[in-house]
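# Residue-level structure breakdown
Spelled out, the chains give:
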Amino acid sequence: METKEIRNILERGEGILSMAPTWVPRPFNRPGKRIRLHPDDYYAMGLKRGAIVERWFSSITKVETEGAEEFEGMSFVNVDGNADHKVLFKDFVDALGAELIGEKLMEDYGTWPMYSKFYDYNEPLFHHVHHREEACAKVGVMPKHEHYFFPKQYNNHLGIRPVTYFGFDPSVTKEQVKERLSKFETADGRILELSRAFRVELGTGWFTPAGVVHAPGSLCTYEPQWNSDVMAMWENVVEGEVFDYSSLCGYVPAGSERDLDVIMDAADWELNTIPNYREKFFRPPVTDEVGEGYKQDWICYGNDYVAAKELTVEPGAEVLIKDAAAYGCLAVQGHGQFGKFVVESPTLIRYGQLTADEFFVSNARAKEGVLIKNTSPVEPLVILKHFGPDCGMPQMD
């Protein structure tokens, strides 16, 4: 599609793009079935690929899972209400640049640098690491800094273990961890015996920088993150599911696949063993602004990469909300108007169906403000917004 037509689509939306759902399957774990996908459609992408357990938002990043299709994980724009006519969101970013995402992000990164997702697993995830920046640089990939938030609207149940493990107890040594990893192909390494866990709390979140080994609990999680899908698994047996050695040695320099010192170099040992982990990385909501008929909180903040807000508009209220930078967003409760678009949080989504819950707001329109109206007489309209690092998020002391 030519730049002129892409610009016309943005102009017709008055600086807002309507987005189509992007579904992602994984060949491990089981779906928590909280992302409002129709129960007949969890294997719509094929049994070999596994169940659909994630939905990605505002993404120009391709899934790294083996067998993924050409544009899997990448977002598409709903240009005219016909699912067959949707256009790759990356084409809009490439064609419009600063006109869409702002000068700051273009100058610093040359593109839209983040995306968000729901991940929705019934069992906890394996203890795994997204390689720290120095390790990523050795193999030419991007680090994956990520932030978690646990929305009440998408957690009607908590799965089998709503507990997340982060790093290792400060008393643990590298040699103890290395000894567990050395068993990856011969025995259950039980690496979580060396870690520390926190029960996750709905309506709060955690920042998890690249390099921290972590085993997320079994909640449906809203996760703004940096543009990457890079990881390595450090836990080989999880709830009876066994993982191959290849899952441990991903994204290391060629020839180093059997070198445990190189594999462990993916982790930032200091961050993994700091004694005040909760104090440093737990993120309760922080009020951004409150006005007649609405409240907006920062729910992801205190880092150099990604941020998010939760906006609640009361029944019958109409508000003009301004933000400092471009953002993607998702309605998780209620219905109404979002700029010129109808917005509604879906009850049930068929695979391939369009929705009216996801949008991307250009930098200029975000600063000008979006008029939002809750047309329900009784139910709040709740919208989650994800930003890059140019949004003026609060930092930690």
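Shown above is the structure to which this text applies.
Now for a look at the structure at hand. Since we're looking at a predicted model, the values are computed, not measured. (Residues numbered from 1 in each chain as written. Predicted model: local features only at pLDDT ≥ 70, side-chain atom pairs only at ≥ 80, totals over all residues. Heavy atoms only, no water.)

## Quick look at the overall build of the protein chain
- Looking only at helices and strands, the protein chain features ten helices and 28 strands.
- Taken against the 2.2 N^0.38 rule, which gives 21 Å for 397 residues, the C-alpha radius of gyration of the protein chain at 21 Å falls within 12% of a compact globule.
- Buried positions account for 60% of the 397 residues belonging to the protein chain.
- Within the protein chain, residue pairs in contact and separated by at least 24 positions form 78% of the contacts whose partners lie at least 6 positions apart.
- Treating the 41 positive side-chain charges of the protein chain as one cloud and the 61 negative ones as another, the clouds have centres 2 Å apart. (Helix = DSSP H or I, 4+ residues; strand = E, 2+ residues; numbered from the N terminus. Rg over C-alpha atoms; globule rule 2.2 N^0.38 Å. Buried < 20%, exposed > 50% of the residue type's maximum accessible area, 1.4 Å probe, protein only. Contact = heavy atoms within 4.5 Å. Lys, Arg positive; Asp, Glu negative; His and termini not counted. Charge placed at Lys NZ, Arg CZ, Asp CG, Glu CD.)

## Digging into the nonpolar core
- Core analysis: the biggest nonpolar cluster contains 46 residues, and Leu17, Phe89, Phe92, Leu100, Trp112, Trp206 and Phe360 have the highest contact counts within it.
- For this core, the elements supplying multiple residues, two or more each, are helix 1 (3–12), strand 1 (16–20), strand 3 (51–57), helix 2 (89–96), helix 3 (98–101), strand 6 (114–119), strand 11 (205–208) and helix 9 (277–281).
- Looking at which element gives the most residues to this core, the answer is helix 2, with four residues.
- Counting 27 residues, the second-largest nonpolar core is a separate cluster that includes Ile321, Val361, Phe387 and Met393. (Core = buried A, V, L, I, M, F, W, Y, C linked by side-chain atoms within 4.5 Å.)

## Here's the deal with the sheet that holds strand 25 (residues 341–344)
- With antiparallel pairing, the four strands of this open sheet are ordered in space as 22-27-24-25. Both edges of this open sheet fall to strand 22 (318–321) and strand 25, since each of them pairs with a single strand only. Neighbouring strand axes in the sheet, compared pairwise and without regard to direction, differ in orientation by 25° on average.
- Relative to strand 27 (residues 370–374), strand 24 (residues 335–338) is paired through three bridges, and the arrangement is antiparallel. (Pairing = 2+ DSSP bridges. Axes fitted to C-alpha atoms, helices over the stretch in contact; angles between N-to-C directions.)

## Side note on the layout of surface pockets
- Within this model, the largest pocket holds a volume of roughly 680 Å³.
- In this structure, the largest pocket is lined by 31 residues; those nearest its centre are Arg26, Phe28, Thr65, Met231 and Met233.
- Counting only elements with at least two residues in the lining of the largest pocket, the list comes to strand 6, strand 8 (146–149) and strand 15 (232–233).
- Its residues assigned to classes, the lining of the largest pocket shows 14 nonpolar, seven polar and ten charged.
- In terms of lining residues, the second largest pocket is bounded by 17 residues, among which Pro21, Trp23, Met45, Lys86 and Tyr351 are the most central.
- Each residue belonging to the lining of the second largest pocket can be placed in one class, and the counts come to ten nonpolar, four polar and three charged. (1 Å grid on protein atoms, 1.4 Å probe; cavity = no way out; pocket = protein on both sides within 12 Å on 5 of 7 lines; lining within 4 Å. Points joined across faces, edges and corners; volume = space filled by probe spheres on them. Nonpolar A, V, L, I, M, F, W, Y, C, P; charged D, E, K, R; others polar.)

## With respect to unusual backbone geometry
- Phi at Asn29 takes a positive value of approximately 65°, unusual for a residue other than glycine.
- The residue Asn29 is located in the loop between strand 2 (22–26) and strand 3 in this model.
- For Arg36, which is not glycine, the phi dihedral falls at a positive 65°.
- Tracing the backbone through its elements, the reader meets Arg36 in the loop between strand 2 and strand 3.

## A closer look at empty space enclosed by the protein
- Overall, the coordinates contain three cavities of 30 Å³ or more when judged by the stated rule.
- Here the largest cavity is characterised by a volume of approximately 70 Å³.
- If you list the elements that add at least two residues to the lining of the largest cavity, you get helix 5 (133–139) and helix 7 (260–264).
- Across the lining of the largest cavity, the residue classes tally to seven nonpolar, one polar and two charged.
- Estimates place the volume of the second largest cavity at around 40 Å³.
- If you trace the second largest cavity, you find it lined by Arg180, Leu181, Lys183, Phe184, Gly189, Arg190, Ile191, Trp234, Glu235 and Asn236.
- Split by residue class, the lining of the second largest cavity holds four nonpolar, two polar and four charged.

## Brief notes about the pattern of salt bridges
- Going through the model one piece at a time under the given rule, you end up with 28 salt bridges.
- In this structure, the salt-bridge partner of Lys309 is Asp323, at a minimum N-O distance of 2.7 Å. Of the two residues, Lys309 sits in strand 21 (residues 307–313) while Asp323 sits in the loop between strand 22 and strand 23 (327–333), which places them 14 residues apart along the sequence.
- The exposure class of Asp323 is buried, given its relative accessible area of 5%.
- Salt bridges here are not isolated pairs; linked through shared partners, they connect Arg26, Glu54, Lys117, Lys144, Glu146 and Asp229. (Salt bridge = Lys/Arg side-chain N within 4 Å of Asp/Glu carboxyl O.)

## Some details on the sheet that holds strand 5 (residues 87–88)
- Read from one edge of the open sheet, nine strands run 5-4-1-26-23-28-21-20-19, paired in antiparallel fashion. Each of the sheet's edge strands pairs with one partner strand only, and the pair in question is strand 5 and strand 19 (286–291).
- Here strand 21 pairs with strand 28 (residues 381–387) via seven bridges, running antiparallel. Its bridge partner being in strand 28, Glu310 is matched across the sheet by Leu384.

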